[in-house]
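Structural description and commentary
These are the residues of each chain, in order.
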Amino acid sequence: MNEISIRVYYEDTDSGGVVYYANYLKFIERGRSEYLRDLGFDQDVLIAKYNTIFAVRRLNAQYHLPVKFNDLLTVQTLIKKVGRASLIFTQKIMHSGQNQVLFKAQVTVACLHADSFKPCGIPLMIKEKIDG
C-alpha cells in the first residue's frame, strides 16, 4: 500500500468550503501516480522508455463524508488485481491521523501504447515490481 498526504486548498472547494466532487478524482489520481513513482516508474519515463500509458477505464466512487478547506488528507492506494493489460486499484481518502474513511474508489486502468492509444500488455518489468 502507498500513502500520500494532501492539503485541501481554497481552490479545491466550492462556495460552501467543501471539496468539489470532481477534485476527489484529482486526489486519487495523484495517489496512483505516486504509487507508480515509488515503484520506480515516473509516467514520463513510461512513455519515453516503454511507449506505455495508463488510462482510466472504469471508476466506482463512494462519497462518505465531506472534506473541507484546509483539511489534511491521506490518500491510500493499493493494487487489488493485476491483469494482462490492466490494473485495478482500491483507493481511500481519510483525514490524516484519523481512522475515518471520507471517500473510496475502485479504479480500473488500462495499459495503452502511448503513440496509438491501443491496448497492450503491461510491461514485464512493471509487473515484476508490483508483484514485489
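My aim in this report is to walk through the structure given alongside it, one point at a time. Predicted model only: the values in this text are computed from it and were never measured.

**Points about the packing of aromatic side chains**
- Taken as a whole and assessed by the stated rule, the structure comprises seven aromatic pairs.
- Relative to Phe69, the ring of Tyr10 lies with its centre 6.1 Å away and its plane at 85°, an arrangement referred to as edge-to-face. One end of the pair, Tyr10, is in the loop between β1 (2-7) and α1 (23-38); the other, Phe69, is in the loop between β2 (52-63) and β3 (72-82), and 59 residues separate them in sequence.
- Here Tyr10 falls in the exposed class, since its relative accessible area comes to 63%.
- Considering the side-chain rings of Phe41 and Tyr50, the 6.3 Å spacing of their centres and the 70° angle between planes classify their relative orientation as edge-to-face.

**A look at the environment of Pro123**
- As for its placement among the helices and strands, Pro123 is situated in the loop between β5 (101-113) and α3 (124-131).
- Given the relative accessible area of 15%, Pro123 is considered buried.
- Note: C-alpha distance between Pro123 and Arg7 (116 residues apart in sequence) is 33 Å.
- Not counting the four nearest positions on each side in its chain, Pro123 is found in contact with Tyr50, Thr52 and Cys111.

Cut-offs used in this document
Residues numbered from 1 in each chain as written. Predicted model: local features only at pLDDT ≥ 70, side-chain atom pairs only at ≥ 80, totals over all residues. Heavy atoms only, no water. Phe/Tyr/Trp six-rings, centres within 6.5 Å; stacked < 30°, edge-to-face > 60°. Helix = DSSP H or I, 4+ residues; strand = E, 2+ residues; numbered from the N terminus. Buried < 20%, exposed > 50% of the residue type's maximum accessible area, 1.4 Å probe, protein only. Contact = heavy atoms within 4.5 Å.

As far as function goes, none of this settles anything; it's purely spatial.
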